[in-house]
Amino acid sequence: MNNNKYNGVVVPMVTPVTPNGFLDKQAVERIIKSFVKAGVSPLLMGTTGEGNSVSTIDGQELIETAVKAAQGKITIYAGLTGNCFIEQLKQAGYYSASGADVIVATLPSYYSLTPEQMENYYLRLADSIKGPLMLYNIAATTHMSIPVDVVQRLADHPNIVGLKDSERDMERMEKCIAIAKNRDDFAYFCGWAAQSAKSLELGGNGIVPSTGNFVPGMFQELYKAAVAGDMETAYRLQDETNEIAKVYQANRTLGQSLTALKVMMQTRGLCTPDMLMPLTRLSEAEEAEIAAIAEGITNE
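Let us look at the structure shown here. What you see is a predicted model, and the numbers here were worked out from it, not measured in a lab. (Residues numbered from 1 in each chain as written. Predicted model: local features only at pLDDT ≥ 70, side-chain atom pairs only at ≥ 80, totals over all residues. Heavy atoms only, no water.)

Tallying each qualifying case throughout the model produces 5 aromatic pairs. Taking 6.0 Å as the distance between ring centres and 75° as the angle between the ring planes, the aromatic pair formed by F85 and Y121 counts as edge-to-face. In this pair, F85 sits in helix α3 (residues 85–97) while Y121 sits in helix α4 (residues 115–128), placing the two residues 36 residues apart along the sequence. Of the residues examined, Y121 reaches a relative accessible area of 8% and is grouped as buried. A ring pair is formed by Y121 and Y122, whose centres lie 5.0 Å apart and whose planes are at 65°; its orientation type is edge-to-face. Site record: aromatic cluster; members linked through ring pairs are Y6, Y77 and F189. If you follow R268 out to its NZ or CZ, it ends over the ring of F214, 3.9 Å from the centre. (Phe/Tyr/Trp six-rings, centres within 6.5 Å; stacked < 30°, edge-to-face > 60°. Helix = DSSP H or I, 4+ residues; strand = E, 2+ residues; numbered from the N terminus. Buried < 20%, exposed > 50% of the residue type's maximum accessible area, 1.4 Å probe, protein only. Lys NZ or Arg CZ within 6 Å of the ring centre and 35° of its normal.)

Written out as structure tokens, the structure reads:
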């Protein structure tokens, strides 16, 4: 693992909303303070944060609220999604001006893009925004994968500082970690939570686990153990967090799992399970079942 300034646990934070779909700023403050306590950072408006469904106004308020609550103690990563490049530039500019430390951008996903178009998109974005830019590869939602050779070339751009990769492909992970290894200007973050410990053992810089919304402290312990070379502890914590993840992920679609995750967080007084359209809450019976299990999980 190198000395890159971008490292550690970055939790793809849920976006807490009220029953009528507006940002719940008090819940944002509670969640951010729980992250500060655990020593982890948030990725706002990523996939777990329903980024594509957050309105422009709420997105700006989310960044402002999170930055204020963090009080400079943790790094703020701001997710950038959408298909209109001009609007993305406006949003990225506002996020950076409001205190976001890094812009994390997924590919525009309405059209299938060629590798050349993917590379050109990120180059144009990196040249046009003021803050540091991180690539975000998540084929599960964009239905495209940024080729490793494109990542290799983009890593040399002075304003592109890393890759957050959520693709479940071990060979790809090893190749992308190799790109970032032994350099301090480009970081690799593993978005495949079940392989967090493995990615760190291979030399990755950080991990991005959605389950960290519920147990941020466990992932911080996992990260510290891996950095210290205590892989026995790291893999034990990996197994334990994998079991917790099953509570909200097993036999559910991605959207349903996000609702279930908020149910678990509600048991800790962090937010309600309300969702942004088109996602919806689960049935009362299912929410009660999830809550009962979550309340029995005490290890933070």
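Moving on, there is more to tell.
As a further point, take the sheet that holds strand β5 (residues 133–137). One key point about sheets: their strands pair by backbone hydrogen bonds, in either a parallel or an antiparallel sense. With parallel pairing, 8 strands are arranged side by side around a closed barrel as β1-β2-β3-β4-β5-β6-β7-β8. Looking at chain direction, strand β4 (residues 102–106) and β5 are connected through 4 bridges and run parallel. Residue pairing in the sheet places T106 in a bridge with Y136 of β5. (Pairing = 2+ DSSP bridges.)

Here the focus is the pairing of strand β6 (residues 160–165). Counting buried positions along β6 yields 6 of 6 residues, so the element is predominantly enclosed. Relative to β6, β5 is paired through 5 bridges, and the arrangement is parallel. Of the residues in β6, the one forming a bridge with N137 is D165. Pairing of β6 with strand β7 (residues 187–190) involves 4 bridges; the strand directions are parallel. Residue D165 lies in a different strand from β7, and its bridge partner there is C190. Handedness of the crossover is the feature at issue here: the chain leaves β6, passes through helix α7 (residues 170–180), returns alongside β7, and the resulting connection is right-handed. (Right-handed = clockwise from strand over helix to strand, strands pointing away.)

Within the fold, K262 resides in helix α11 (residues 254–266). On the accessibility criterion, K262 (1% relative accessible area) is buried. Here the side chain of K262 touches E50 through a polar contact of 2.9 Å, side chain to side chain. The contact partners of K262, leaving out residues within four places of it in the chain, are V14, T15, P16, V17, E50, C271, T272, P273, D274 and M275. (Polar contact = N/O pair within 3.5 Å; in protein donor to acceptor, adjacent residues only side chain to side chain. Contact = heavy atoms within 4.5 Å.)

Turning our attention to the side chain of D24. Mapped onto the fold, D24 is located in the loop between β1 (8–12) and α1 (25–38). Within the buried set, D24 has no salt-bridge partner at all; the shortest N-O distance to an opposite charge, 4.5 Å, is to R30. From its side chain, D24 meets the backbone nitrogen of A27 in a polar contact 3.1 Å long. Filtering out sequence-adjacent residues up to four positions away, D24 remains in contact with P16, V17 and T18. (Lys, Arg positive; Asp, Glu negative; His and termini not counted. Salt bridge = Lys/Arg side-chain N within 4 Å of Asp/Glu carboxyl O.)

Now for the packing of α11 against helix α12 (residues 284–295). One can describe the packing of α11 onto α12 by two numbers: an axis separation of 8 Å at closest approach and a directional angle of 50°. Judged by the angle between their axes, α11 and α12 are oblique. Considering how the two elements wind past one another, α11 and α12 form a crossing that is right-handed. In contact with A260, V263 and M264 of α11, α12 contributes E287, I290, A291 and A294. (Axes fitted to C-alpha atoms, helices over the stretch in contact; angles between N-to-C directions. Parallel < 35°, antiparallel > 145°, perpendicular 65-115°, else oblique. Left-handed = near helix turned anticlockwise from the far one by under 90°.)

On to the nonpolar core, then. Of all hydrophobic cores here, the largest spans 87 residues; its most connected members are Y122, L133 and M264. The leading source of residues in this core is helix α10 (residues 231–249), at 7 residues. Formed by 13 residues, the second largest nonpolar core is a distinct cluster that contains Y6, V102, Y136 and F189. (Core = buried A, V, L, I, M, F, W, Y, C linked by side-chain atoms within 4.5 Å.)

By themselves, these observations are geometric and do not establish any function.
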